[in-house]
Protein chains: 2
Amino acid sequence: MPRTLIFMGKGGIEVENYNMEELLQYVEEHRFRSLRAHLSEMNEADIAEFMEELDNNRKVLIFRMLPKELATDVFACLEADIQEHIINSISDAEIQKIVEDLFVDDAVDMLEELPATVVKRVMRTTTPETRKLINQFLQYPDNSAGSIMTAEYIGLKKYMNVEQAFSYIRAHGVDKETIYTCFVMDRERHLEGVVTIKDLLMNPYETRIQDIMDTNIIKTVTTEDQEEVIDLFNKYDLLCLPVVDHEDRLVGIVTVDDVVDVMEEEATEDFEKMAAMLPSDKPYLKTSILELAKNRIVWLTVLMLSSMITGSILTHYEQAFAALPLLVSFVPMLTGTGGNAGSQSSTMIIRCMAIGEVEPKDTLRVIWKEIRVAFVVGLILGALNFIRLMLMYPGQSMVCLTVVLSLYFTVIMAKGIGCTLPIAAKLLNLDPAIMAAPLISTIVDACSLIIYFKIACNLLSI
Amino acid sequence: MPRTLIFMGKGGIEVENYNMEELLQYVEEHRFRSLRAHLSEMNEADIAEFMEELDNNRKVLIFRMLPKELATDVFACLEADIQEHIINSISDAEIQKIVEDLFVDDAVDMLEELPATVVKRVMRTTTPETRKLINQFLQYPDNSAGSIMTAEYIGLKKYMNVEQAFSYIRAHGVDKETIYTCFVMDRERHLEGVVTIKDLLMNPYETRIQDIMDTNIIKTVTTEDQEEVIDLFNKYDLLCLPVVDHEDRLVGIVTVDDVVDVMEEEATEDFEKMAAMLPSDKPYLKTSILELAKNRIVWLTVLMLSSMITGSILTHYEQAFAALPLLVSFVPMLTGTGGNAGSQSSTMIIRCMAIGEVEPKDTLRVIWKEIRVAFVVGLILGALNFIRLMLMYPGQSMVCLTVVLSLYFTVIMAKGIGCTLPIAAKLLNLDPAIMAAPLISTIVDACSLIIYFKIACNLLSI
């Protein structure tokens, strides 16, 4: 939700921006005039936070009390369910005012969360122009540049001079999401150049825009994936990025504050996927039990069924541990260490691919690197284990050797699988994050048991 | 590394900003004049990327060929080892020019990566003023607001009017990291207010700064943790944040582009910790085998030793599976599902705490939520298993019951442990990320075996 580009809030060094207790007390004591005076000094994000503490009726009461110029900003910061409640409690005229004042991307975000009947009512109140814009935005695919952009920006003409540009900005700038970068377009809205306020400030008033504008423009198309948009912001340290349609006409801009939100969402999504959950874009505390369960059961079931394969391998070697029950006691250590070693590699590679540090062309380099790391790690773990086993089971040197060798090969196998599968997924155009710790562990479990019992059967001639 | 706030680069819709092959061909054919003309049109991030493809001698050659005003910007984008190589190949005068031109935070970042002897040489070449500033910056603790801020910003006086402010910015703005927010200070450099370029643009020239400046300032102190800084940027959608010392004097600003970098680093660190690795701030492909091994061996050893406890539990119930070897074949399924169910909960909670969605005060709510999710998930998994087992082992209904009951309690136990431990870590002021999947799995493994064999011994009277 892009908004405060200005600093506000009652700042102390401890960043205590306001006193929640004091505000709540005003509400309790019905001292609404003092409350209003207080709120109008506050930052919209803080007001939204305060409102969430109130009961539903009071939320509407306080919302209506806000100064008009602040109300929409606060509204954009509220959680979806509170937005819905407020919309259901206010008049059509009030709704219209809010929707017209909201930046299009915030309005669209809100509409996507509302139930259909409420959306209908909201859309009925808006002007045809806004309705058209909102409908256009609703059509952009999820997670595309179009879905995170906003339609508000400053457009200039190249024949303007700096002074004219400034008066245009003074006349039109207040509503615009960001005025720090202005876009120079021809009549068909094709981008011809960009000019920053800094460029304008650093040049004399009579300079023509066309002489100072930058014609090498970094831009993106509406259908581009938002992860690519993040990469562009990261690589070029942008404050905003113009978005064009497939006819190369400017349709909106993505601002850095939206990108910060998207980055956090994408990282959260990866964490969820890598812990075998379906990603959800709702905040945890607001997600229902059934939805959480639904997101988790899919992978749990898949992994449970796969681990039965591991179980059948154990059954297959039943005679081995019937002959030497001690062997079983090393199974958790072997499968656990293998799983952890494999997860380390897969997490590393998945993350490196997500931030663009490793690409499929690095495949051989990565595998070779991981194998060498596995040699070192395997050696150390093997040696530690050998010492421990020789102390705990003196005289059983063949069992010790079996365990240590199995551990060594398990670590190498685990790291090999851990780094290969995510890259393979990427090559197959799948999301590498599905090849994360849980799946890797399950695969490694089965493989490590086979290694263990093969070695045991050979060395101990069972 | 904050730099391009302006758009550059040869943009096409496909965001192909330059043709690497073409550039390399220029180098091959020694057509340096054409190359130089080409490079001077390019974005510094792209030039740095191009230079990384060259051999070391050519890197220096191309670097020296860059237009002066571009050279420092490109330098700031280069990897640490290339920076070192260039510094070792150029004259003291050239070094001085670069260091003086770099933003202080970029210079400090570079110095922290260089070997001591090179740092000495660099520091000798700088002016006393810069040296003092760099030394001050080097003293801020790692990951503090001070360590990511920059010293360059626009400072105004409250008695200036808008016109005077503009001429001050025109005179001083070119070097400054961000000119879009200006800081109003008194003589002791205490912050009195902030004013954005937008405010300046929207007000008449004769307006005094003190009448339009915002006195409710969101700020932070140099020693504040960078994660708190990220939270402030997220909450208030800031473009930059002023940083004050403990006497409340303005010493620098943190800009949004640095925050974007820090966010990505913090997420990567969490991924590493949660996959049982020590975090590293070097890029994967540039980290040595031994360093990678070192980062991984610590937790692998700890977890390996812990999984021996699980092994000894298995040994303890040796007579149970000697009596009924079939029991062992369900062990991977039980421990695996338990580990995955626990990891899901712990990952979810750790991530929610990292982005501030869950706080320790929510402890009871979270545990109650997870337990209910576990009830649902456990029921479904149990039912699926019951069907499968009844089909596969008809007549062994007590064994089936044992497995299904164990699975059910394991899931509940796993989710309980998975959500409790990260919160407990937070309460003990430890990093919740250490209570991630690998450790949770190891603990859950042991607990699930105990549950399993306790139930087996009772139900099957072994």
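Before going into details, it helps to say that this report is about the structure given with it. (Residues numbered from 1 in each chain as written. Chains lettered and ligands numbered in written order. Predicted model: local features only at pLDDT ≥ 70, side-chain atom pairs only at ≥ 80, totals over all residues. Heavy atoms only, no water.)

Structural notes on the overall build of chain A
Part 1 of the argument: In terms of helices and strands, chain A carries 22 helices and 6 strands.
Part 2 of the argument: Principal-axis analysis of the C-alpha atoms gives chain A an extent of 90 × 60 × 45 Å.
Part 3 of the argument: Split into buried and exposed, the 462 residues of chain A put 58% on the buried side.
Part 4 of the argument: Once local pairs closer than 6 in sequence are excluded, the contacts in chain A between residues at least 24 apart make up 68%.
Part 5 of the argument: Working note: accessible area of chain A is about 19,000 Å², and carbon and sulfur atoms make up 55% of it. (Helix = DSSP H or I, 4+ residues; strand = E, 2+ residues; numbered from the N terminus. Buried < 20%, exposed > 50% of the residue type's maximum accessible area, 1.4 Å probe, protein only. Contact = heavy atoms within 4.5 Å. Areas by Shrake-Rupley, 256 points an atom, 1.4 Å probe, with all protein chains shown as cover.)

Let's talk about the relation of the copies chain A and chain B
Two chain copies here: they are related by a rotation about an axis and a translation along the same axis.
Part 1 of the argument: When chain A is brought onto chain B, the operation consists of a screw motion whose angular component is 180 degrees and whose axial shift is 0.0 Å, with 0.1 Å RMSD remaining. This pairing of chains is accounted for by a two-fold axis.
Part 2 of the argument: The residues that chain A uses at the interface reappear at the interface of chain B in 100% of cases, marking a shared surface. (Least-squares fit on C-alpha atoms with pLDDT ≥ 70 in both.)

Side note on empty space enclosed by the protein
Taking a probe equal in size to a water molecule and rolling it over the atoms shows the remaining empty space.
Part 1 of the argument: Summed over all chains, the structure comprises 9 cavities of 30 Å³ or more.
Part 2 of the argument: The calculated volume of the largest cavity comes to roughly 500 Å³.
Part 3 of the argument: Lining of the largest cavity is provided by 33 residues; of these, Gly 336, Ser 441 and Asp 445 of chain A together with Ser 441 and Asp 445 of chain B occupy positions nearest its centre.
Part 4 of the argument: Elements represented by at least two residues in the lining of the largest cavity include exactly helix 17 (289-316), helix 19 (331-354) and helix 22 (437-459) of chain A together with helix 17 (289-316), helix 19 (331-354) and helix 22 (437-459) of chain B. (1 Å grid on protein atoms, 1.4 Å probe; cavity = no way out; pocket = protein on both sides within 12 Å on 5 of 7 lines; lining within 4 Å. Points joined across faces, edges and corners; volume = space filled by probe spheres on them.)

Some thoughts on the sheet that holds strand 1 (residues 154-156) of chain B
All names here are of chain B.
Part 1 of the argument: The 3 strands lie next to each other as 1-2-3, forming an open sheet whose pairing is mixed. In the strand order of this sheet, the two ends are held by strand 1 and strand 3 (191-196), each with one partner. Adjacent strand axes in the sheet meet at a mean angle of 35 degrees when their direction is disregarded.
Part 2 of the argument: Where strand 2 (residues 181-185) meets strand 3, 5 bridges bridge the pair, whose relative direction is antiparallel. Residue pairing across strands places Thr 181 opposite Thr 196, the latter belonging to strand 3.
Part 3 of the argument: Its contacts with the sheet put helix 12 (residues 162-172) on strand 1 and strand 2, and the angle it makes with strand 1 is roughly 150 degrees. (Pairing = 2+ DSSP bridges. Axes fitted to C-alpha atoms, helices over the stretch in contact; angles between N-to-C directions.)

Thoughts on unusual backbone geometry
Part 1 of the argument: Residue Ala 276 of chain A is not a glycine yet carries a positive backbone phi of 60 degrees.
Part 2 of the argument: Assessed through its relative accessible area of 2%, Ala 276 of chain A is described here as buried.

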